[in-house]
Amino acid sequence: MEKQWYTISVYSENNVGLLNRISGIFLKRHINIEGLNVSKSEIEHVSKFTIVVNTTEDWTRKIVQQIEKQVEVIKAFYHTDDDIIYQESALFKIASHLLFDERQIQNIIKESNSQIVTVSREFFVLAKTGRRHEIDEMHDALEPYGIMQFVRSGRIAVTKAAMPISELLTEFQEN
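Note that the structure is a prediction, hence the values are computed from the model and not measured. (Residues numbered from 1 in each chain as written. Predicted model: local features only at pLDDT ≥ 70, side-chain atom pairs only at ≥ 80, totals over all residues. Heavy atoms only, no water.)

Asks: Any chance you could explain the UniProt feature "domain: ACT" (unreviewed entry) in the chain here in plain terms?
Replies: When the UniProt feature table is mapped onto this chain, "domain: ACT" (unreviewed entry) is found at residues 7-87. Between the first and last C-alpha atoms of residues 7-87 the distance is 12 Å; the span itself is 28% helix and 43% strand. (UniProt positions renumbered as here; feature names shortened; annotations may be inferred. Helix = DSSP H or I, 4+ residues; strand = E, 2+ residues; numbered from the N terminus.)

Below you can see the structure in the form of structure tokens.
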């Protein structure tokens, strides 16, 4: 089986220690977590973990089965990139003089559809939201000019198709 990108969605009760146990499942199989985001979900008192991995479908299926064995986990799913709508965000801190001295910096900002978040005498901060490769391209374009700081968020995603979790979560709330 060929490796590809998978996004794993885990719906769970919000309990201390669950993240540690979930990361242990990946550690035991020597699979790197490429992206991680945890937030509240569309259902009150239910958290959603969004985990990105690059592995085979077989390994992804086994991981999801192991995650679902955790007591606090209500349901876990995995999706290919074609099944979801997803974004990542990044912040770039750049020396302020470059904004005025290097014309190409302004072109990069325009072409990447990024936004200037703040400007000070010493630095300015750019925000970019998009796919991983778009953020990587912007990073590569800015790197020769010097990036003072860089940070990228974990992937956030929603599925294109209706999620069966909605019915499960409704039942969970009623109980």
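Asks: Looking at this model, I keep getting lost on the packing of aromatic side chains. Mind explaining?
Replies: For any pair of aromatic rings, geometry is given as the distance between the ring centres together with the angle between the planes. Tallying each qualifying case throughout the model produces 3 aromatic pairs. With 5.8 Å between their ring centres and 75° between their planes, Tyr6 and Tyr78 make a pair best called edge-to-face. A residue pair is termed long-range when its members are at least 10 positions apart, and Tyr6 in strand E1 (residues 4-13) and Tyr78 in strand E4 (residues 73-80) qualify at 72 residues. Given a relative accessible area of 24%, Tyr78 falls into the partly exposed group. The cationic tip of Lys62 hangs over the ring face of Trp59; the distance from NZ or CZ to the ring centre is 5.2 Å. (Phe/Tyr/Trp six-rings, centres within 6.5 Å; stacked < 30°, edge-to-face > 60°. Buried < 20%, exposed > 50% of the residue type's maximum accessible area, 1.4 Å probe, protein only. Lys NZ or Arg CZ within 6 Å of the ring centre and 35° of its normal.)

Asks: I'm lost on the pairing of strand E6 (residues 115-119) in this one. Help?
Replies: Consecutive side chains of a regular strand alternate in pointing toward one face of the sheet and then the other. Relative to strand E7 (residues 123-130), E6 runs antiparallel, the two sharing 4 bridges. Across the sheet, Thr118 pairs through a bridge with Val125, a residue of E7. Two successive antiparallel strands, E6 and E7, enclose a turn made up of 3 residues. (Pairing = 2+ DSSP bridges.)

Asks: Explain the nonpolar core to me, please; I cannot follow it from the model alone.
Replies: Soluble, globular proteins show a tendency: their nonpolar side chains are buried together. Counting 16 residues, the largest nonpolar core has Ile8, Val10, Ile22, Phe26, Ile51 and Ile67 as the members making the most contacts within it. Secondary-structure elements contributing two or more residues to this core are E1, helix H1 (18-28), strand E3 (46-55), helix H2 (57-68) and E4. Broken down by element, the residue count for this core peaks at 4 residues, all from H1. Discounting residues that sit within four places of it in the chain, Ile22 has contacts with Val10, Phe49, Ile51 and Ile67. One finds Ala95, Leu99, Ile105 and Ile135 within the second-largest nonpolar core, a separate group that totals 14 residues. (Core = buried A, V, L, I, M, F, W, Y, C linked by side-chain atoms within 4.5 Å. Contact = heavy atoms within 4.5 Å.)

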